[in-house]
Each structure stands twice: as C-alpha cells, then as structure tokens.
Amino acid sequence: MSAAEKVQRADNLTLDTIVSLCKRRGIIFPGSDIYGGLGGTFDYGPIGAELKRNIRDAWWRANVYERDDIEGLDATILMNPRTWEASGHVDTFTDPLCDSLGPSKKRYRADQLFEEEITAYEFVDVTDGEPTPIVGAKLWAPTKKKAKEFYKQYWEKHLNLEGRRVKIEEIAGSAKTAKYSPDDGGELTEPRAFNLMLTTHVGPVVESAAQVYLRPETAQGIFVNFSNVQSSMRRKVPFGIAQIGKSFRNEITPRNFIFRTREFEQMEIEFFCKPGHLCKEGEWTDEQWHEHWVESRMNWYYRYGIAKENLRLRNQAADELAHYSKACGDIEYLFPIGWQELEGIANRTDYDLKRHMEFSGKDLSYFDPEMNERYVPYVIEPSAGADRSLLAFVCDAYTVEKVRDDKRVVLKLHKDLAPVKCAVFPLLKNRPELVEMARNLARDLKKEFYTVYDDTAAIGKLYRRQDEIGTPYCITVDVDSLEDQAVTIRDRDSMEQVRIGLDKVKDYLLAELKKE
RNA sequence: GCGGGAGUAGCUCAGUGGUAGAGCUUCAGCCUUCCAAGCUGAAUGUCGCGGGUUCGAUCCCCGUCUCCCGCUCCA
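What counts, and at which threshold
- Along each chain, residue indices are assigned from 1 in the same order as the chain's sequence is written.
- In the order they appear in the text, chains get letters beginning with A and ligands get numbers beginning with 1.
- For a predicted model such as this one, the threshold for reporting local features is a pLDDT of at least 70, and the threshold for listing and counting side-chain atom pairs is 80 or more; totals across whole chains, interfaces and linings nevertheless cover every residue.
- The side-chain quantities take in all heavy atoms of the structure and omit both hydrogens and water.
- Helix and strand assignments follow DSSP, with helices taken as H or I runs no shorter than four residues and strands as E runs no shorter than two, numbered in order from the N terminus.
- Per-residue accessibility, obtained with a 1.4 Å probe over protein chains only, is compared with the maximum for each type, and a residue is labelled buried under 20%, exposed over 50%, and partly exposed between these values.
- Contact criterion: two residues are considered in contact whenever any of their non-hydrogen atoms come within 4.5 Å of each other.
- For every accessible area listed, the method is Shrake-Rupley and the probe measures 1.4 Å; residues are considered covered only by the protein chains on display.
- It is the directions from the helix axis to the C-beta atoms that the arc portrays.
- Each nonpolar core is a collection of buried residues, namely Ala, Val, Leu, Ile, Met, Phe, Trp, Tyr and Cys, held together in the definition by side-chain atoms within 4.5 Å.
- Note that the domain bounds were set by an automatic or database domain assignment.
- Only one rule defines a salt bridge in this text: a Lys or Arg side-chain nitrogen within 4 Å of an Asp or Glu carboxyl oxygen.
- One requirement defines pairing of two strands: DSSP has to find at least two bridges between them.
- Only the stretch in contact is used when a helix axis is fitted, and all axes are lines through C-alpha atoms; the angle between N-to-C directions ranges over 0 to 180 degrees.
- Two N or O atoms form a polar contact when they lie within 3.5 Å of each other; inside protein one atom must be a possible hydrogen donor and the other a possible acceptor, and for residues adjacent in sequence the pair counts only when both atoms belong to side chains.
- For patch building, the residue pool is restricted to those with more than 30% relative accessible area and no salt bridge; the joining distance is 9 Å between like charges and 5 Å between nonpolar side chains (Val, Leu, Ile, Met, Phe, Trp, Tyr).

J.: When you look at the overall build of chain A in this model, what are you seeing that I'm missing?
T.: Summing up its helical and strand segments, chain A has 14 helices and 27 strands in all. In chain A, buried positions account for 50% of the 516 residues. In chain A, once contacts between residues fewer than 6 apart in sequence are set aside, the share between residues at least 24 apart is 66%. Here chain A has roughly 25,500 Å² of accessible surface; of this, 49% comes from carbon and sulfur atoms.

J.: Looking at this structure, how should I read helix 9 (residues 351–360)?
T.: Think of an α-helix as 3.6 residues a turn; residues three or four steps apart then line up on the same face. Among all positions of helix 9, only Asp352, Leu353 and His356 are buried. Seen end-on, helix 9 carries its buried residues on one side only, within an arc spanning 95°. Looking at the buried residues of helix 9, the elements they touch are helix 3 (82–87), helix 6 (219–223), helix 7 (226–232), strand 14 (263–273) and strand 17 (338–349). The positive-phi residue at the C-terminal boundary of helix 9 is Gly361, with phi of around 75°.

J.: Would you mind showing me how to read the nonpolar core here?
T.: Nonpolar side chains tend toward joint burial in soluble globular proteins. Residues Ile18, Trp300, Tyr301, Leu391 and Phe393 are the most contacted members of the largest nonpolar core, which totals 64 residues. Per-element accounting of this core gives the leading share, 8 residues, to helix 10 (residues 386–397). Residues from two domains meet in this core; each of domain 1 (4–93 + 196–395) and domain 3 (420–514) gives at least three. Setting aside chain neighbours within four positions, we find Tyr301 in contact with Ile306, Leu311, Ile331, Leu342, Glu343, Ala384, Ser389 and Phe393. Listed in part, the 20 residues of the second largest apolar core include Tyr473, Ile500, Val505 and Leu513.

J.: Looking at this model, I keep getting lost on the pattern of salt bridges. Mind explaining?
T.: A side chain with one charge may pair with a side chain of the opposite charge, provided their charged atoms come close. Summed over the entire model, instances satisfying the criterion amount to 38 salt bridges. Put simply, Arg25 and Glu468 hold a salt bridge, and the shortest N to O gap is 3.2 Å. Placement of Arg25 in the loop between helix 1 (15–24) and strand 2 (28–30) and of Glu468 in helix 12 (residues 459–469) is noted, with a sequence separation of 443 residues between them. With its nearest N and O atoms 2.7 Å apart, the salt bridge here joins Glu401 to Arg408. Shared partners join several salt bridges into a network, and the residues in it are Glu401, Arg408, Lys412, Asp467 and Arg490.

J.: So what exactly am I meant to see when it comes to the sheet that holds strand 15 (residues 311–315) here?
T.: Sheet strands associate in pairs through backbone hydrogen bonding, adopting either a parallel or an antiparallel arrangement. As summarised here, the arrangement of the 7 strands in space is 4-13-14-20-17-16-15, forming an open sheet in which the pairing is mixed. Two strands lie at the open edges of the sheet, namely strand 4 (70–73) and strand 15, each paired on one side alone. The sheet shows a mean angle of 25° between the axes of neighbouring strands, direction not considered. Alignment of strand 16 (residues 327–335) against strand 17, held across 9 bridges, turns out to be antiparallel. Bridge assignment links Leu334 to a residue of strand 17, and that residue is Trp339. Against the sheet, helix 8 (residues 286–303) engages strand 4, strand 14, strand 15, strand 16, strand 17 and strand 20 (378–385), with an angle of about 150° to strand 17.

J.: Sorry if this is basic, but what is going on with the side chain of Asp396 here?
T.: Structurally, Asp396 can be placed in helix 10. Accessibility expressed as a relative area gives 17% for Asp396, which makes it buried. A distance of 2.8 Å separates a polar atom in the side chain of Asp396 from the backbone nitrogen of Ala307. Not counting residues within four places of it along the chain, the set of residues in contact with Asp396 comprises Gly305, Ile306, Ala307, Asn310 and Tyr333.

J.: Teacher, can you tell me more about a nonpolar patch on the surface here?
T.: A surface patch of nonpolar side chains, amounting to about 200 Å² of accessible area, comprises Leu427, Leu428 and Val479. By the element assignment, Val479 lies in helix 13 (residues 479–484). Classification of Val479 by relative accessible area gives partly exposed; the value is 32%.

J.: Just checking my understanding: could you explain the sheet that holds strand 24 (residues 451–453) for this structure?
T.: Spatial ordering of the open sheet is given by 24-23-25-26-27, a layout of 5 strands whose pairing is mixed. Each of the sheet's edge strands pairs with one partner strand only, and the pair in question is strand 24 and strand 27 (497–501). Pairs of neighbouring strands in the sheet enclose a mean axial angle of 25°, with direction left out of account. The pairing of strand 23 (residues 422–426) with strand 25 (residues 473–477) spans 5 bridges and is parallel. The residue of strand 25 that forms the bridge with Pro426 is Val477.

Now the structure itself:
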C-alpha cells in the first residue's frame, strides 16, 4: 500500500512549473543563458542530457533493434542545396508575409489573401458644414457597408473624432483586396519572403554560390540514401530507414519552452512499401502500413508511460496536408498549453523519391525480384520530435503527492527513461564506516548504470531530491548494514523499502530495471 | 515584424530617489538509526544593457536587448 496520496496531476500543471523544475534540477537551461539567451534555443543540462539520450535510445531500440525491417542511418545536416529544391522546401517553405498599415497591424500570409474587386473610401469631417477630408482616413472595402464596419471597429478609435460628424465618401479608384487588409481596410506592405530554412555558407568566401541550408527535416537525408542503404544491406521492400538528428527551422515565433524551437531533434523513419495499386492479395498496401505505423507509434508512447487520456490521434483534414502527403495522422499530447502535436505520421507517397530522381537524374526505383518489375516505393513517415517527446514525458510523469503534511514532487518516469537509475546514501554521514560502504557500493553500481552518491543532507531530503528527477531506486546504508551486510532499497513510487544483501544488490536492480 | 506584459540571488518574488531583502535552495560544521527535522555559520546579485535627469537612480525619462502572452508557424 502506498503511503502517498496523489493530489495533483497534469490537469492543473502549468508549463512554468515544468520550466522551473527543469532549470533547478539541471534538466534544461535557456540557451546562451549568460548573454540573455537566444530565442528558440535551449540547452540540456546533465540530467536532461541523460533523459534525452534515454528517449533516443528507447526509440531506436523499439524501431531498429526490436523490428527486423528497419535500418539505421546518420546523415549530414548540410546537404547539397539541390536536395531542397527537389524536396520542395525552397519553394514551399517560403511564406510571403505582409503587414497591414491600418490600425490592426495584422500580419498576413500574402498567398492566403483572396482577391476581390474593392473600392476606396474616404472619411470626411462635416461637423462645421464644410466637408474636410480626415488625414489618413482612407481605406478599401468591397461595399460601403463594409467600410462603415471597418470604420466602427478600428478607425474611429484611432482617429479620435469624438463629438464630430463623419461621412463616408466613395472616392475614385478600385483595387484587389490582396493589397488591402481584409480586417481593417488598411494598405498592406509589399510581401516579404520569409523562408523557414536557416542558411550558412561553405568554403572561405561568403557568396551566394556557396550558400547551403541547415536541414529543416532529417527525412531528405534518408531519401537520398535510399539506394545506398537498400543495396548495401540487401533489403527488400517493405523496409524502413530510421534516423535521429538535429533539424533547424527559422520559426517566426518560437514559443512554449522546448515545444517550438529553432534547433530541434527529430526521430524519423521513412518506411518504403509497395504502392497500394501494385499489391497482390495478402500484401499490405501503403494505407495499411500507414495504419500500422500510427498504431505502433501510439503504443510506443503508452509503453514509456504516457497516460492514455493524455494522448490522441487526429487525422489531418485534406486542406492541412503538406504538399507531399496523401494522408497524415497526428499524435497529439495534452500539454499544459493544450493538445499539441507530438508526432506526425504521413503517407508521403512516391513524391520524394520521384522528385529526387527528377532533380538528380539518378534512378531510385526499386527492382522487385518477385514481380520482376521496377517501381518507385511509397513512403510512410513517422516523424517524432525528440524534444517534444521529452517535454511530454516530463509533464506526464510530474506528480505532486501529499506525504504526511508535506508535499512531494516526483517525476514518475519510466525506468528506461529515468536519467539516474540509482542513488546511494549513507544514513548518517558522520559515521565514516557507513560513508565508505555507501561509496563503495555506488562505485560498483556505476559500472552497470548511472548511479549517484549523495550525503549532503538528511535522508528525507536526499530522497526528495532524487524524486524530483525521477530516480527509481535509492539505496540507504544504515548502522545495521555494518552487521548484516545488507542495505535497503527504496522504491520511488511506493516509497516502500526492501532489505537486500549487499552482494545481491546489483542483480536485484538489474532485474528490476529490466522489468517492463 | 505588430500589439500587450515583464526583466531584482539558483528558484519564487517583495521593495525604496540615499548603491537591496524574504522564503525555498545551495555550501560547511554540529546533531540526527529512514522520507524536504533542528542548531550554528556561510555564499550569491555591478537590481537586463546603454544613455539622460539629479548632489545621488534599482526606482523617474529615453533608447536598446531579452523573455513571456496573442497573430503566423507545426516535429
């Protein structure tokens, strides 16, 4: 029976609480902290680095080692710029943005503003009988009614015309709305290209020819290596290639801690399969593989401890699909900031391979020995964010419990993800024999897994410190240990203790840590 | 980029025109035979940065940077 009563869960958890815990306990720091930070960057501290590595490992293990149809890959961040022309990122990753010069100051995607014939209106002050045009009070609207509406909503407030009589006059001229804000009729600035890819230069001379991009997704490194991996590993379709690595996007607004950052880590698989229309009876179509991957990926999050009610699948509507995909299932997690995407599983069809064939002139089709025929495989892409996953795992594990009259903060992380696996304490630090025994035990355990030794506080505080970073086991060497050569192992979640012979501690922990 | 808010100790925050404080944390010692105990002591900040007003500014003014919230983005 647990002595603890759970009083807080993710429902009333705020992101600030997580941010504060992360900084305090060495999990995540703001990037370039001493220089005031850099927007959209965060550094992982000693504990965070372990946690992230464990997440990467868990993903790699589940997808590369435990399956027999996936190969690993580690491609470069810098790639031949042609790659990004082929992938479509040079064109479609550029958002043309323009701003309204009207009072709303809204920003628009220029390509999303629909065009329509509109008329210019002018506001005239008629209070003193003599109509006087009001400076700056011109706007564009499809009808006089709409112009009035704009005037009420925005211009009235910004022109300070209290107590004055104003008339709306149509003036000569007509134009397309794409030049004027649909929200306040204000003029729009010229669209400026905002490319979401970050650039740098290779070679000693900074000139446009040497400009390269930092990859905005890891996927393309996989596509360009499709044939290399397939032939060197003697793979038959269906098979997949997995990769973990950094990607970069010049986000307009990085926000929400590590949720949206300019430098982030992806865990992606490109799974190559036979296009549905070529499949024979009993063979999985691309759509069936897509379903398989959605389920497989959902299960991965469950396996590592995400609560069922905090995870959901959302199928993207046709109009939100990226240019390359035929269908996309988003796995969303209920963060303190609301439901947000953790991972997208897209059916990219043969778009990427075909584009690379076109741009590189190389044949990337696959020869199917059973069909005795060549085809370009379809691709199912489960694309997860490592940083987002980490945030989700931490949020989901974050628990506040009432212990006696005190509260206990504990990260109930899955054992495989826990940064520190075991902590060893002497019950009394002024007893050199206990200190020595504890130090020796810790030293021994370190050979197997990440173990820490600590004696800088009373036992209760030592436990709580480890609870906050999710250490599953704490071992205490007490006075009796000197006699019976045994120690207590305390479980993080139940806070219960078992007494184990010193010589059996390692085996016990190894067995416990292995349990699912 | 636009609009709004904010920058004071590791964290959370208070405060004053006379160059700073609390709680928690951290560290050392004493004590303590198991869940943030107690006692003693200690550390830490050019009060985001630059300029101005002033005899004097953390506080007032201007500028600037960064962060947070909304618009846009989506792993």
